[in-house]
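Residues per chain, in single letters:
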Amino acid sequence: MEKIFLDILRPDDWHVHLREGEMLSSVLPFTYENFGSALIMPNLDTPITNISLADNYYNEICKQIPKGAEFTPNMTLYLTNYLSKDEIRKVSTHKYIKAIKMYPKGATTNSDSGISDFKNFYHLFEVMEESGVILSIHGEVTDEKVDVFERESVFIEKVLTKIIKQFPNLKIVLEHITSADAVKFINEQSMVAATITIHHLMVNRNIMLSKGIRPDFYCAPILKTEYDRRALVQAAISGNRKFFLGTDSAPHVEGKKIASCGCAGIFSSPLAIPLLIQLFEKHSSLKKIEPFVSKNGRAFYGLRQHKDRVRYVKRPKSIKVIKDIKTSDGKITVFNPYGEIYWEKEN
Ligand code: DOR
Ligand code: ZN
């Protein structure tokens, strides 16, 4: 039988949570084996709020990357009141700190140090705009009066448009967009790009809630409607430079996911690329996967394109794939809504 394969420039993950300690050691291999680089989020129990903490975290990660792995970790700083203008200027020329992440207070895991009033940060946005530092945004309001399904669109309308108006040259990544409204908004901007996760491309809120509750699909921002999911798929397969992959892979052990108050987060690194290939194949868009996973993010972040390619092969029968990983605190479920996977990386 003829062998079906796909060669693509090495993919990058522009949004991942690697955690620290034992969890880091358990999940990191799935990132360095599948991606050429990753942008690592700063929401640890002690948030990464300055360059020195980022350097320590970077070193902790690098120690665990085997020699010969073709992988570059890129870091982020957590935006707080403690960040100085000087520190931002240093970030602008820093070797591996590539963005400053803004969390609205209370929006997600470890966001207690996040922001309540965005206007208090305008003096820092000004320096970021001047020095070309990218602002990465978790785009949701956290006002309890706003319905959880509306938090992204209200954020875009009430917060993001104001920031953009005030700082038209600030480079922004609106992270893990979830809605048709967000896709439309991004298409209308010149300096704003967006990451899209695999889970928002593949599942919707009905799948999460209509036939029993599926805590493994619970994430922030929460899954939206099928209409929204389709708009995200169209954005991803369009090849448009403003959209690129950020898995938002966010591991939590089973005991924390399946609980009376479960954590938001989906662990998707292990099967991320095979799942995406299947999605793009389903939409007859395999030619558009390379811009989405390998090129657009690098272009936005101003990095040289990868040169080497990786090969994925389609097997005639579904492959036995990893279901979960074990840690001493319990297992972590691997995201796989398709069940059957046919593509795998050729070693
Ligand atoms: O679902 C999520 N989990 N969304 C986020 O923004 C954070 C993440 C986490 O760190 O658990
Ligand atoms: Zn995230």
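Let me sum up the structure you'll find in this document. None of the values given here were measured: they were computed from a predicted structure. (Residues numbered from 1 in each chain as written. Chains lettered and ligands numbered in written order. Predicted model: local features only at pLDDT ≥ 70, side-chain atom pairs only at ≥ 80, totals over all residues. Heavy atoms only, no water.)

**Side note on the site of ligand 1**
Ligand 1 sits among 14 residues. The nearest are Arg-19, Asn-43, Thr-109, Ala-220 and His-252. Between ligand 1 and Asn-43 there is a distance of 2.9 Å, counted from an oxygen atom to a side-chain nitrogen or oxygen. Here ligand 1, which alone exposes 290 Å², has 100% of that area covered by the protein. Among the residues making up the shell around ligand 1, the classes are represented as 4 nonpolar, 8 polar and 2 charged. (Near = heavy atom within 4 Å. Polar contact = N/O pair within 3.5 Å; in protein donor to acceptor, adjacent residues only side chain to side chain. Areas by Shrake-Rupley, 256 points an atom, 1.4 Å probe, with all protein chains shown as cover. Nonpolar A, V, L, I, M, F, W, Y, C, P; charged D, E, K, R; others polar.)

**Here's the deal with the packing of helix α3 (residues 85–92) against helix α4 (residues 122–131)**
Following both chains from N to C, one finds α3 and α4 inclined at 25°, their axes separated by 9 Å at the closest point. The orientation of α3 relative to α4 falls into the category roughly parallel. The hand of the α3/α4 crossing is right-handed. Counted together, Lys-85, Ile-88, Arg-89 and Ser-92 of α3 and His-123, Leu-124, Val-127, Met-128 and Ser-131 of α4 form the full contact between these two elements. (Axes fitted to C-alpha atoms, helices over the stretch in contact; angles between N-to-C directions. Helix = DSSP H or I, 4+ residues; strand = E, 2+ residues; numbered from the N terminus. Parallel < 35°, antiparallel > 145°, perpendicular 65-115°, else oblique. Left-handed = near helix turned anticlockwise from the far one by under 90°. Contact = heavy atoms within 4.5 Å.)

**Describing the coordination of the zinc ion (ligand 2)**
Every protein donor of the zinc ion (ligand 2) is listed here as His-15 (NE2), His-17 (NE2) and Asp-248 (OD), and their distances to the metal cover 2.0 to 2.1 Å. In the primary sequence, the donor residues of the zinc ion (ligand 2) line up as H-x1-H-x230-D. A residue pair is termed long-range when its members are at least 10 positions apart, and His-15 in strand β2 (residues 12–16) and Asp-248 in the loop between β9 (243–245) and α10 (254–257) qualify at 233 residues. Comparing His-15 with Asp-248, the two get one shared label, buried. (Donors = N, O, S within 2.8 Å, 3.2 Å for Na, K, Ca; no water. Buried < 20%, exposed > 50% of the residue type's maximum accessible area, 1.4 Å probe, protein only.)

**Topic: the sheet that holds strand β1 (residues 4–9)**
Strand order in this open sheet of 3 strands is β1-β10-β13, and the pairing throughout is antiparallel. The open sheet is flanked by β1 and β13 (343–345), the only strands paired with a single partner. Here the strands of the sheet are splayed against their neighbours by 30° on average, with no regard to which way each runs. One ladder, built from 6 bridges, connects β1 with strand β10 (residues 309–314); its direction is antiparallel. Counted as the bridge partner of Leu-9 is Arg-309 from β10. Strands in contact with helix α12 (residues 289–301) are β1 and β10; relative to β1, the strand with the most contacts, it is inclined by about 35°. (Pairing = 2+ DSSP bridges.)

**Re the side chain of Asp-12**
For Asp-12, the position within the fold is in strand β2. Of note is the side chain of Asp-12, whose polar atom sits 3.0 Å from the side chain of Arg-298. Polar contacts involving the side chain of Asp-12 include one to the side chain of His-306, which spans 2.9 Å. Among residues more than four places away in sequence, those in contact with Asp-12 are Phe-35, Gly-36, Ser-37, Leu-245, Val-293, Ser-294, Arg-298 and His-306.

**A look at the packing of helix α5 (residues 151–166) against helix α6 (residues 180–188)**
The geometry of a pair of packed helices is captured by two quantities: the angle between their axes and the separation between those axes. Contact geometry of α5 with α6 gives a least axis separation of 10 Å together with a crossing angle of 20°. Viewed along their axes, α5 and α6 adopt a mutual orientation that is roughly parallel. Pair α5 / α6 crosses with right-handed handedness. Touching Glu-152, Ser-153, Ile-156, Leu-160, Thr-161 and Ile-164 of α5 are Asp-181, Ala-182 and Phe-185, all from α6. Per-class residue counts for the contact of α5 with α6 are 5 nonpolar, 2 polar and 2 charged.

**As for helix α11 (residues 272–282)**
Burial of α11 is extensive: 9 of the 11 residues sit out of reach of the surface. Along α11, the residues classified as buried are Ala-272, Ile-273, Pro-274, Leu-275, Leu-276, Ile-277, Gln-278, Leu-279 and Phe-280. The positive-phi residue at the C-terminal boundary of α11 is Ser-284, with phi of around 50°.

**Regarding the nonpolar core**
Within the largest apolar cluster, 103 residues are counted, with the highest numbers of intra-cluster contacts made by Leu-79, Met-102, Phe-125, Leu-201, Leu-276 and Phe-292. Broken down by element, this core gets its largest block of residues, 7 residues, from α11. Not counting residues within four places of it along the chain, the set of residues in contact with Leu-276 comprises Ile-198, Leu-201, Met-202, Leu-245, Ile-289, Phe-292 and Val-293. (Core = buried A, V, L, I, M, F, W, Y, C linked by side-chain atoms within 4.5 Å.)

**Comments concerning the sheet that holds strand β4 (residues 72–78)**
The strand order across the open sheet formed by 8 strands is β2-β3-β4-β5-β6-β7-β8-β9, and the pairing between neighbours is parallel. Among the strands making up the open sheet, the edge pair consists of β2 and β9. Each strand of the sheet is rotated relative to its neighbour by a mean of 25°, with strand direction disregarded. The pairing of β4 with strand β5 (residues 97–102) spans 4 bridges and is classified as parallel.

**Details of the pattern of salt bridges**
Evaluated as defined, the whole model comprises 16 salt bridges. With its nearest N and O atoms 2.7 Å apart, the salt bridge here joins Arg-315 to Glu-344. A residue pair is termed long-range when its members are at least 10 positions apart, and Arg-315 in the loop between β10 and β11 (324–327) and Glu-344 in strand β13 qualify at 29 residues. In this structure Glu-344 comes out as partly exposed when scored by relative accessible area, which is 28%. Connected through shared salt-bridge partners, Glu-254, Asp-324, Lys-326 and Lys-331 make up one network. (Salt bridge = Lys/Arg side-chain N within 4 Å of Asp/Glu carboxyl O.)

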